[in-house]
Amino acid sequence: MSDHSNNPSEHHDGPEGTAWIWKVFWILLAVTTVEVALGIIKPEILLSQFLGTSLLNVIFIVLTLAKAYYIVAEFMHLGHERKNFIWTITLPIVILIPYLTFVLLTEGGYMGVLMNQ
Amino acid sequence: MANGAALEQNTSALWGGGRQPFGASYGKMMMWFFLLSDALTFSGFLTAMGLYRFKYEETWPIAENVFTHFPMLHGEHPLLFVALMTFILILSSVTMVLAVNAGHKNNHNGVVLWMGLTIVGGFMFLGSQAWEWYHFINGDKGAIQLENNAIVYLTKAGSEGKILSVYELVTGVEKPHGDHTEFSTGDVVSAFGLNTDVTLRYPGKAETTMTREEAVKAFQTAKLIQGASLRENEYGNVLFADFFFFVTGFHGTHVFSGVVLNIIIFINVLMGTYKQRGHYEMVEKVGLYWHFVDLVWVFVFTFFYLV
């Protein structure tokens, strides 16, 4: 058997040129600017309770996930890989991390309640 | 038989190697699997911090009161410096994509230029992180640790909980920019006795202020804390400092190893290794690692500094 370790990956058609790279850059920059501005101003109206935390925190998390999507799908090119590969990488993350977060945060809140009794 | 021959041919096509079931080369696929496991490691750290933050909600510092400095600027500028660090990392991610893009076109000079800039960006980020650590370790205004290990701040009565720096209490003048004078607990106790309008307040969300009588009583067993280490933290719960050092330190280690990998590949590019090989996929593989470092920072930024 010959050594295949230096064979390149099969070519996947992505967008041509470099315009798409700068487009993703401006999106990431704009989202970060919005996050920082909201973090400094902390608008009173967004501090109301929502899904167990403040509405502002929910907005931060949604914006963070949007940034993560652009980095992974475009910069890391995962969005242009084969479907089976996309799911092999994302499915464990999508299942395990929310589960771990839910379990640990619930437990942490409960530990706090016990400690303050 | 014709059927048997066809079967044999198929078997060797399937098991003879050289096929890419995922359409990705061995190296690239393994880099992805490594990043998958690394993502789980980082989420373990961040959710562990979440657990303790939920447990000690009252004494957990608010990051915007902790990281308030910006080089050369006087006063408090929360979030500004981390925003700059984020910008540097995003920009170095962009130069990395441009390097990969140039590699696809076998544009040797393009790869050299953009990879070189990526390495510069990596060093800038590491320098910024060192600056951030330096200020966190040296501290800002100083705090008082009570007998039950709670951290409280000095404040003047009627100043709506505005933190009075230890420097200002002891010397009577406003703390100069970038000052890191160390005081003893005795200095603070005697200055506190003289300034009868000074009291103590709790940090965090509640910000309860003590009366002067309570503060005098609390001061009998007080200990001055300046800055943060793994054992004490002037900004609040010591676990915040532990997680700060651990998570940003682990991320910084990733950035550092990313820079080292980039330099190794950069040298290979300069020597023409990939020109000879006919493709620049190695640049793409370290590129994946470099973007991952950026990706982790996006989450560290949110869960340490914003939320």
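Going by the structure above, here's the rest.
Cut-off values and rules
- Residues numbered from 1 in each chain as written.
- Chains lettered and ligands numbered in written order.
- Predicted model: local features only at pLDDT ≥ 70, side-chain atom pairs only at ≥ 80, totals over all residues.
- Heavy atoms only, no water.
- Core = buried A, V, L, I, M, F, W, Y, C linked by side-chain atoms within 4.5 Å.
- Buried < 20%, exposed > 50% of the residue type's maximum accessible area, 1.4 Å probe, protein only.
- Helix = DSSP H or I, 4+ residues; strand = E, 2+ residues; numbered from the N terminus.
- Contact = heavy atoms within 4.5 Å.
- Patch = residues over 30% accessible without salt bridge, like charges linked within 9 Å, V, L, I, M, F, W, Y side chains within 5 Å.
- Areas by Shrake-Rupley, 256 points an atom, 1.4 Å probe, with all protein chains shown as cover.
- Salt bridge = Lys/Arg side-chain N within 4 Å of Asp/Glu carboxyl O.
- Arc of directions from axis to C-beta.
- Pairing = 2+ DSSP bridges.
- Axes fitted to C-alpha atoms, helices over the stretch in contact; angles between N-to-C directions.

(A) Quick look at the nonpolar core. All names here are of chain B. Ranked by internal contacts, the top residues of the largest apolar core, which has 91 residues, are Met115, Phe136, Val283, Trp297, Phe304 and Tyr305. When residues of this core are assigned to their parent elements, the largest contribution, 16 residues, is made by helix 11 (residues 281-306). When residues no more than four places from it in sequence are discounted, the contact partners of Phe304 are Met49, Ala63, Phe240, Phe243, Phe244 and Val247. Residues Leu146, Tyr167, Val198 and Ala215 belong to the second largest nonpolar core, which totals 21 residues.

(B) View of a nonpolar patch on the surface. Together, Ile40 and Ile41 of chain A together with Leu73 and Leu80 of chain B line one region of the surface with nonpolar side chains, adding up to about 340 Å² of accessible area. Here Leu80 of chain B lies in helix 4 (residues 80-104).

(C) Representation of helix 7 (residues 185-194) of chain B within the structure. All of the buried residues in helix 7 of chain B are Val188, Ala191 and Phe192 of chain B. Down the axis of helix 7 of chain B, the buried side of the element spans an arc of 105°, and every buried residue falls inside it.

(D) Region of the structure containing the sheet that holds strand 4 (residues 223-225) of chain B. Residues and elements named next belong to chain B. Here 4 strands make up an open sheet; going across it, the order is 3-2-1-4 and the pairing antiparallel. Strands at the two margins of the open sheet, each flanked by one partner only, are strand 3 (198-201) and strand 4. Geometrically, the sheet is characterised by an average inter-axis angle of 40° between neighbouring strands, direction not taken into account. Bridge count between strand 1 (residues 143-145) and strand 2 (residues 151-156): 2 bridges; the pairing is antiparallel. Its bridge partner being in strand 2, Ile144 is matched across the sheet by Val152.

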